[in-house]
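Overview (structure and organization)
For reference, the chains in residue letters:
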Amino acid sequence: METPVEVKPTLIASGFLEDLSETCKMGSPNGRPMHKSDDEVPFGSEVDFHSSESILVDVHGSRAGESQSARGKMLGVAIYRSIQIVVFSNRLNLLMPFGPLAILVQKLTGHHGWVFAMSLLGIMPLAERLGYATEQLAFFTGDTVGGLLNATFGNATELIISIYALKSGMTRVVQLSLLGSILSNMLLVLGCAFLSGGIVFHKKEQVFNKATAAVNSGLLLMAVMGILFPAVLHYTHTEVHVGKSELLLSRFSSCVMLVAYAAYLFFQLKGQRSHYMSVNEQEGQNGSNSNDDESPDISKWESIIWLLVMTSWISILSEYLVGALEGASTAWNIPVTFISVILLPLVGNAAEHASAIMFAMKDKLDISLGVAIGSSTQISMFVIPFCVVIGWITGHPMDLNFQLFETAALFLTVIVVAFMLQEGTANYFKGLMLVLCYLIVAASFYVHVDSSQ
C-alpha cells in the first residue's frame, strides 16, 4: 500500500511550479515559457523548492516596483497636463500675480487703495477660471446641476465674507453687500449674458426653460416678502414689542425661507427634474443637440479639485479686499455705501459674471440663467437667512430690515426681471435694458445716504 508522504510534496511542488511557469511566461521577453515543461524542473530537493520560491518573489517584486514607478509617472504627467490646460491656456491669467502682490503690499505698506485695486485685478482671472472649471463639470452633471454648482461656488465668497463681517459686528455691511449681490446678479450679470449672447446669435432668439425661470421668480418674490415686512413693521411703528418684534419676525421668516429653499432644491433636482431640464439637455435626449461634438478638457475630479482651489484663493483675496474698503473709500473719496452695494458685489460676482457671459456666447442660456438668477435666489433664500441664523446663534443679532430705500430697489428689480423672463426668450435688447436699469440703480445708491449710519 502506498504511503501519502511522498505525494504531498510532489503535489505542492507541481502546483507551485505551474504558477511559476505561468509567471515566467508573462515575464519572459519573447513571450515563450522559460522552461519546456514542468518535468524538466527538479522538485525533489528542498534547495530547489526554495530557489524557485525566491525566483517568484523577485519576479513579482520587480513587476510591482515597475508598476508603482509607471503610476507615479502617469500621475505627474496628468498633473502637468491639468495645470497647463487650466493655468497657462488663457492670457487673462497673466493677472494672477496681482493676488499675491496685494497680500505683500498689505503686509509691507498697508496702503488700502493699492490693496483694493490689486485684489480686484487678482480676482478677475480666478473668476474666469472658476467659470471654466464649472463648465467642464457641467459636461458630467448636466446644465441644471451645473448652473446650481456655479451659483454655489460663486456665492461661497459672499458667505465667507458675510460671516467674517458679522462676527466683527459689521451687520450693515453684510446687509448692503448681500443686497448688492442680488441686484448685480439680476441686472448686470443677466443683462450682460443676454447682451453678449444676443450679439453672437443675432440672427435668432435664444431660448431657455420658462418653468425654471418662473420658479426662481416666485422664490425671489417670496424673499422680497420676507425682507419687506420687517421694514414696513419698523417704519409704521406697529410693533407689539418695540425693538423685539422686528427681530423675532426676521428670525422666524429666515427659518421659513431656509425650509423653502431646501424644498426647492429637492423639487428641482429630484421631484420634478424632467420638467425643469434645460433646453440643451432636452435636445440631447432627442438626439438633436448641436453641441454633441464638444467634450471636456479635464476629468470630473480635476474639475472638482480646481473648483475648490479657485474658490479658496478667491475667498482669501476677497477678505483682503473687504479689509481695504474703508481705506479705499477715504483715498478715492467714494461713499462706503456705494462701495458696499456696487463695487464689492462686482468683485464678489466676478465668477458669475465671467461664466454667465461665457455660457451665453456658447448658446447655453439655461446655465447662464442658473448662474445669474440661481445665484440671486440662493443669496436671498439661503445666504441672507443663514446669516440671520448664524448671528442668532453667535450672539450678533441681524434682522431682515434692509431699510426702506434698499427694499424698494430690490422689489422693483425683481418685478422688472420677472417681466423680462416670462416669454422664455432672450435677445440683445433685453440685455441692454437690464444693464441700463443697473446703471440707474448704481446712480441712485451713489447719491443715497444710509439712514442707519
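Residues numbered from 1 in each chain as written. Predicted model: local features only at pLDDT ≥ 70, side-chain atom pairs only at ≥ 80, totals over all residues. Heavy atoms only, no water.

For the protein, an unreviewed UniProt entry supplies the name Vacuolar cation/proton exchanger and the organism Abrus precatorius. Quoted verbatim from the Subcellular location (unreviewed entry) heading of the UniProt record, the comment on the protein is "Vacuole membrane". Database annotation for the protein, UniProt heading Sequence similarities (unreviewed entry): "Belongs to the Ca(2+):cation antiporter (CaCA) (TC 2.A.19) family. Cation/proton exchanger (CAX) subfamily." (UniProt positions renumbered as here; feature names shortened; annotations may be inferred.)

In the UniProt entry, the feature "transmembrane region" (unreviewed entry) is given for residues 178–201, 213–236, 248–267, 304–325, 331–348, 369–394, 400–421 and 428–449. Summarising residues 248–267: 100% helix, 0% strand, and an end-to-end C-alpha distance of 29 Å. (Helix = DSSP H or I, 4+ residues; strand = E, 2+ residues; numbered from the N terminus.)

The subject of this paragraph is helix α7 (residues 210–235). Between the first and last C-alpha of α7 there are 37 Å, a value that for 26 residues agrees with the 38 Å anticipated at 1.5 Å per step. Near the N-terminus of α7, the side chain that reaches the backbone nitrogen of A211, with its oxygen 2.9 Å away, is that of N209. Looking one or two residues past α7, H237 carries a phi angle of roughly 55 degrees, positive in sign. (Expected span 1.5 Å × (residues − 1). Polar contact = N/O pair within 3.5 Å; in protein donor to acceptor, adjacent residues only side chain to side chain.)

So, about the confidence of the model for the protein. Per-residue pLDDT for the protein has a mean of 77; in total, 77% of the residues score no lower than 70. At the level of individual helices and strands, the protein shows its lowest average pLDDT in helix α1 (residues 7–27), which scores 43, and its highest in helix α16 (residues 428–446), which scores 93. The low-confidence segment residues 1–57, where pLDDT is below 50, has 29 contacts with residues more than four positions distant or belonging to other chains. Under a pLDDT of 50 for its full length, residues 284–292 has, in the predicted model, 7 contacts with residues more than four places off or in other chains. (pLDDT = per-residue confidence, 0-100. Contact = heavy atoms within 4.5 Å.)

Before going further, it helps to spend a moment on the pattern of salt bridges. Tallied over the entire structure, the rule returns 2 salt bridges. With a closest N to O distance of 3.0 Å, R172 and E406 form a salt bridge. In this pair, R172 sits in helix α6 (residues 171–200) while E406 sits in helix α15 (residues 404–421), placing the two residues 234 residues apart along the sequence. A relative accessible area of 1% means that E406 is categorised as buried. (Salt bridge = Lys/Arg side-chain N within 4 Å of Asp/Glu carboxyl O. Buried < 20%, exposed > 50% of the residue type's maximum accessible area, 1.4 Å probe, protein only.)

Turning to unusual backbone geometry, a few remarks are in order. Excluding glycine, residues mostly have negative phi values, and the peptide bonds linking residues are mostly trans. Positive phi is not limited to glycine here, since H237 has a value of about 55 degrees. Within the fold, H237 resides in the loop between α7 and α8 (245–271). Even without being a glycine, D363 presents a positive backbone phi close to 60 degrees. Examined against the element boundaries, D363 turns out to sit in the loop between α13 (350–360) and α14 (365–394).

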